[in-house]
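# Report on the structure
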Amino acid sequence: MSIRERMSGNEAVAYAIKQINPDVMPAFPITPSTEIPQMVSTFIANGEIDTEFIPVESEHSSMSATMGASAAGARALTATSSCGLAYMWELLYVAASDRLPLVLALVNRALTGPININCDHSDSMGARDAGWIQIYAENNQEAYDNFIQSFRISEHPDVMLPFMACQDGFITSHAVENIELIETDKVKAFVGEYNPENYLLNADMPMAVGPYATSPFYMETKMNQRLAMKNAKKVILDVAAEFEKISGRKYGFFEEYRLDDAEIAIVIMGSAAGTTKDAIDALRAKGIKAGLLKIRVFRPFPGEEIAEALKNVKAVAVLDRAESFSACGGPVGSEVKAAMFDAGVNVKAVNYFYGIGGRDYTVESATEVFEDLMKIADGSMEPENFKYVGLRK
Amino acid sequence: MKKNIEIRWHGRGGQGAKTAALLLADVAFSTGMHVQGFPEYGPERMGAPITAYNRIGSEPIRVHSNIYNPDYVVVVDETLLHSVDVTKGLSKDGAIVINTTKSKDEIIPLLNGYEGGVYIIDARKVSMATLGKYFPNSPMLASIVKVSGIMDEKVFLSQMEESYKHKFAKKPEVIEGNMNALRMALSEVK
């Protein structure tokens, strides 16, 4: 029987860490992820887990120490947000190319400029090409569930890539909501022990981690990372299927909500998906066939599957919670549209920006987008790239 | 299918409005309801106006936005009435609960013509009488439970006692005072 509880998204991730009892957690605090290392260090101080907590002086060091621990053969993780992730930047690429299966609990927050502590996806979207697996959560439940699945995916011999478990800063990290927890013995059995094939502290098989790669070898390293990312697709689905057996909750690359017979659809990630679902139910009650595709796995990008799921709608809006300043669209919009083009799916598609720097995204916001889509679908409005949701008028 | 209740809290940084919203979510959760309790975050500091929210009811909660058309509003600090439009979007079928020493006749003209229910409580008096210090959140919590009828008062008191026993495990001497604050507020809010 699952455990009925109420907790915030940060508490949920900290609780998952407590259940997993990883070997090493280096961390440096930054809003809104600070509570995660704070709670974990409390568990350690209370003797509830024996994770080695390393307080460091910056995020550059927290990522370096996490990588060092992981390379040594430990199950290691850290947490951060926003500028903290930016400060880890050069190491993100090193962790991926060194094939270190470590986990980062990312609590999404806008990057500074102007200073802002609230949610958007500019931090993780900026790191989308770093070679990390990225999975996004809609609520505290998904933040917890994704975290429990993270090490299984990351440590799989066919994958061996670092894992970014993302949730929306404040919106889910600081909101107390109902949650169903899994018993600790079941979590431990599911996650299992980490037995790396190669590790630095293995005296019987010396190895080098992070050496110089000359031009004749660098490109092959990158190709191998891409193969691992492709392998991750199958592993993510396999782990999700196993997770369903212990939790009863089903996960895939994305969630389709009333998309089967939908004529208009929104593609979105994170906490805004739930708000969009409420808008869809209200529109459906009026006979309007609206649907949702909520992307859970952004890296690897399930482009073929997304294109297939969207092929029968008349118009789709892809909503981005981060700018890319390409002046052509945002990161999610560009990739979804490219995937549809590759698959020969010729659906009218528009790209919107929403929720930047914590701008509230409401049921009315989603409804306005659907109202545009109805006009685009019936030809009374030209698709316009790109628009803002909730911009001050 | 009964719609979930939405509550907006107005307070000042440091007064415990966020804590009260989280406590309300806690106690409603313990009676089997679906809950959401969250503050609106910004560059908060002591004394600045802050907002916190609750969604509570029998339906699972999917929406993750602030609340613009609440059923109830709780004002933890009456000086906010001059600077914040506390009744903005508030349902006429709902009510507002204000911590004040003023009478209803003095308060109503400050509410921008709000036509719904108006309730007052002197949380300072309750807090000083029961705790000897000014902690407005327990009296305000009891007041909104009474005004909204969100749960049975006896159930509320017994669940709060459990919650305090857990929260104040190392300071059991404050449990009785907090319980008295809740009981007194339940009878004082008008």
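Throughout this description, residue numbers start from 1 for each chain and increase along the sequence as written. Chains carry letters from A onward and ligands carry numbers from 1 onward, assigned in written order. Totals for whole chains, interfaces and linings use every residue, but because this is a predicted model, local features are given only for residues with pLDDT of at least 70 and side-chain atom pairs only at 80 or more, for both listing and counting.

## What about the overall build of chain B?
A count of helices and strands for chain B gives six helices and six strands. Counting from the N terminus, the helices are DSSP H or I runs at least four residues long and the strands are E runs at least two residues long. Going from N to C terminus, chain B has its helices and strands arranged as β-α-β-β-β-β-α-β-α-α-α-α. Taken against the 2.2 N^0.38 rule, which gives 16 Å for 190 residues, the C-alpha radius of gyration of chain B at 16 Å falls within 12% of a compact globule. Counting only C-alpha atoms and orienting by the principal axes, one finds that chain B spans roughly 45 × 40 × 35 Å. Just to be clear, the radius of gyration here is over C-alpha atoms, and the globule rule we use is 2.2 Å times residues to the power 0.38.

## Describing the overall build of chain A
Each helix and strand in chain A was counted, giving 13 helices and 15 strands. Taken against the 2.2 N^0.38 rule, which gives 21 Å for 393 residues, the C-alpha radius of gyration of chain A at 21 Å falls within 12% of a compact globule. Reported as C-alpha extents along the three principal axes, the dimensions of chain A are approximately 70 × 55 × 45 Å. Expressed as a percentage of its 393 residues, the buried residues of chain A come to 54%. Whether two residues are in contact is decided by their C-beta atoms, placed from the backbone, lying within 7 Å. Sequence separation of at least 24 residues holds for 81% of the intrachain contacts in chain A that already meet a minimum separation of 6. Once C-beta atoms are placed from the backbone, each residue is buried if 20 or more other C-beta atoms lie within 10 Å of its own, exposed if 12 or fewer, and partly exposed for counts between those two.

## Some remarks on unusual backbone geometry
For the bond from T31 of chain A to P32 of chain A, the omega torsion is 0°, close enough to zero to count as cis. Relative to the assigned elements, P32 of chain A resides in the loop between β2 (24–27) and α2 (35–45). A cis amide bond, omega -5°, links G113 of chain A with the succeeding residue P114 of chain A. Residue placement: P114 of chain A occurs in the loop between β5 (103–108) and α6 (122–126). Its identity as a non-glycine residue notwithstanding, S82 of chain A has a phi of 45°, on the positive side. Looking at where S82 of chain A falls in the secondary structure, it is placed in helix α4 (residues 82–87). By C-beta crowding, S82 of chain A is classed as buried, having 29 other C-beta atoms within 10 Å. Its identity is not glycine, yet N112 of chain B carries a phi of approximately 55°, on the positive side. Here N112 of chain B shows up in the loop between α2 (104–107) and β6 (117–121).

## Things to note about the environment of M140 of chain B
All names here are of chain B. By the element assignment, M140 lies in helix α4 (residues 137–148). Given 33 C-beta atoms within 10 Å, M140 falls into the buried group. Through-space distance from the C-alpha of M140 to that of V74 is 7.5 Å; in sequence the pair is 66 residues apart. In contact with M140, other than residues within four places in its own chain, are A20, V74, V76, N99 and A123.

## Concerning the domain arrangement of chain A
All names here are of chain A. Either an automatic procedure or a domain database provided the assignment from which the domain bounds are taken. Per the domain assignment, the segments of chain A are domain 1 (3–247) and domain 2 (254–388). A straight line from the C-alpha centre of domain 1 to that of domain 2 covers 28 Å. Opposite the 25 residues of domain 1 that make contact, domain 2 presents 21 residues. Contributing elements (two or more residues each) for the side of domain 1 that touches domain 2: α6, β6 (133–136) and α9 (215–247).

## Remarks on helix α11 (residues 303–310) of chain A
Residues and elements named next belong to chain A. Turning to α11, its buried residues are I306, A307, A309 and L310. For α11, the angular spread of the buried residues around the axis is 165°, confining them to a single face. Those residues of α11 hidden inside the fold are in contact with β9 (254–257), β10 (264–268), β11 (290–295), β13 (315–320) and α12 (331–342). By construction, the arc corresponds to the directions joining the helix axis to the C-beta atoms.

## Some thoughts on the sheet that holds β6 of chain B
Here, strands pair whenever DSSP counts at least two bridges between them. The sheet built from eight strands is open, its strands ordered β1(A)-β8(A)-β2(B)-β3(B)-β1(B)-β4(B)-β5(B)-β6(B) with mixed pairing. Across the chains shown, the open sheet's two edge strands, defined by having one partner strand only, are β1 (3–7) of chain A together with β6 of chain B. Across the sheet, the mean angle separating the axes of adjacent strands is 20° when strand polarity is ignored. Here strand β5 (residues 95–99) of chain B runs beside β6 of chain B; their pairing, made up of five bridges, is parallel. Bridge pairing links I96 of chain B to V118 of chain B in β6 of chain B. Lying on the sheet, helix α7 (residues 140–154) of chain A is in contact with β1 and β8 (176–181) of chain A; it crosses β8 of chain A at an angle near 40°. Axis angles are defined between N-to-C directions and span 0 to 180 degrees, where every axis is a line fitted to C-alpha atoms and, for a helix, only to the segment in contact.

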